[in-house]
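Summary of the model geometry
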Amino acid sequence: MLGWDFPVSIDPQTSVPIFVQIAGAVSGDIRRGRLRPGDVMPGTRTLARTLGVHRNTVIAAYAELVAEGWITTENGRGTFVAKTLPDPRPRRFTAVPETGADSSVAFELGPGIVVARCSTSLLVAYNLTGLPDLRLVPTKALARAWRRSIERRSREVLAYGPPEGHPRLRAALAGMLSATRGLVIDESRLLITRGTQGGFAVIAHGLLRPGDVVAIEDPGYRRGRQMMSLAGARVVPIPVDAQGLSVDHLAALAEEQRIRAVLVTPHHQFPTTVTLSAARRVRLLELARRHRFAVIEDDYDHEFHYDGRPILPLASADGGGTVIYVGSLSKTLAPGLRLGYIAAAPEVIAHLTEYRTLLDTQGDQVLESAVAELVEDGEVQRHVRRMQRIYRARRDAMAALLARELGGA
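Below: a short report on this structure. (Residues numbered from 1 in each chain as written. Predicted model: local features only at pLDDT ≥ 70, side-chain atom pairs only at ≥ 80, totals over all residues. Heavy atoms only, no water.)

So, about the overall build of the chain. Across its full length, the chain carries 13 helices and 10 strands. At 29 Å, the chain has a C-alpha radius of gyration far larger than the 22 Å of a compact globule built from 409 residues. Along the longest, intermediate and shortest principal axes, the C-alpha atoms of the chain span 85 × 55 × 55 Å. Out of the 409 residues in the chain, the part that is buried amounts to 43%. A separation of at least 24 residues holds for 68% of the contacts in the chain among residues at least 6 apart in sequence. Just so you have it, the chain exposes about 22600 Å², and 55% of that area is on carbon and sulfur atoms. (Helix = DSSP H or I, 4+ residues; strand = E, 2+ residues; numbered from the N terminus. Rg over C-alpha atoms; globule rule 2.2 N^0.38 Å. Buried < 20%, exposed > 50% of the residue type's maximum accessible area, 1.4 Å probe, protein only. Contact = heavy atoms within 4.5 Å. Areas by Shrake-Rupley, 256 points an atom, 1.4 Å probe, with all protein chains shown as cover.)

Put into structure tokens, the structure is as follows:
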């Protein structure tokens, strides 16, 4: 409680002395866990000022608590919750529920879900999890840019900002996507989100209605599937083979029932890493136009392609406004920054922005401005080139090791 006001409930109208009420309230807070053994108690002057009572009243309450064994006072150090409590078991003021469940929730929760978690094992050190090596992040440059952002633009970045994202970052990312993805794009076609998952949340709420059919790769990105289901969609798995998503299966599904959207990872299919073939890309876009469903393209690691020519995203070939392109800076910089983006037609972005406003209000303006500076200065581009060299060398080393040790398996 150090440094904070610590209010407790007292009633001056009752016949119970104030110091007794304070002592009872504090001991009750210790019983229910608001105050824990070893916690620092506020000084008598501070608590008296907070409660609007005379200091002697608080001194009397503390004396009562010391006598009962709830708190201890150490000369020169202060007053603390006793580490050994006189009544460690909380008192029950109502009957135990018949179920015998030890729960503090008095209402029924919604359906439970099991969310896939990222590995924290030693595999991270070898980049076998798809997570970036955080030792390579340009933290000093990011810290300098963040400090400049909050010091020089405090009135701008600490206030409410545009829900579609800081205009400086949107402009910087539009330039990056135009140059590296082949997208014809400007700020009106971009929405900044809290990572890819934040993008999925906005799309699911803004695009789907309960019962809508969403086709998704099988195997595929589990959290994407869960987010669509959370919005009430009926998720239909579509098999993946050596050429990526089976467009034949998708076409058959589209003839049977109305598809609202399909979620794909065409660059490196997750988790198989296969690339969607050129013929299937063309046919997928044709199907989307004919049956009027959205293609949600998750391009989570576009920067990392080592063999052959870079493969442009579906969105670069989309002339019919069918693709909603989702990307992030989680692999480029760091997942903890929670910076992602949606690129789509201006009407789609305007529609999704309204949902983002309701879901999240806005992003982190300070951070978005700082990262925009790193893109403008070329720091992100240099970082990506460095990572590509290092990750490629690691991949080659791992491939050689596998060939040597398991080549005959």
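Next, the rest of the story.
Another point: the packing of helix α9 (residues 247-256) against helix α10 (residues 278-291). Close contact between α9 and α10 brings their axes to 10 Å; oriented N to C, the two are set at 10°. Taken together, the axes of α9 and α10 are roughly parallel relative to one another. Counting all contacts with α9, which are made through V247, D248, L250, A251, A254 and E255, the residues of α10 involved are R280, R283, L284, L287 and H291. Looking at the contact of α9 with α10 residue by residue, the classes come out as six nonpolar, one polar and four charged. (Axes fitted to C-alpha atoms, helices over the stretch in contact; angles between N-to-C directions. Parallel < 35°, antiparallel > 145°, perpendicular 65-115°, else oblique. Nonpolar A, V, L, I, M, F, W, Y, C, P; charged D, E, K, R; others polar.)

Attention shifts here to the nonpolar core. L250, V262, L284, F293, V295 and V371 are the most contacted members of the largest nonpolar core, which has 53 residues in total. In this structure, V262 is in contact with A215, L245, L250, L284, F293, A294, V295 and I296, ignoring residues within four places of it in sequence. Counting 24 residues, the second largest nonpolar core, distinct from the first, contains L191, V202, I296 and I349. (Core = buried A, V, L, I, M, F, W, Y, C linked by side-chain atoms within 4.5 Å.)

With that out of the way, let us pick up unusual backbone geometry. Residue P219 follows D218 across a cis peptide bond; omega there is 0°. Mapped onto the elements of the fold, P219 is located in the loop between β4 (213-218) and α8 (222-230). A cis amide bond links F270 with the next residue in sequence, P271, at an omega value of 10°. Note on placement: P271 falls in the loop between β7 (259-264) and α10. Within the chain, R338 stands out as a residue other than glycine whose phi angle is a positive 50°. Judged by its relative accessible area of 32%, R338 is partly exposed. Of note in the backbone geometry, T361 takes a positive phi value of approximately 65° without being a glycine. For T361, a relative accessible area of 37% puts it in the partly exposed group.

The quantities given are spatial measurements derived from coordinates; they are silent on function.
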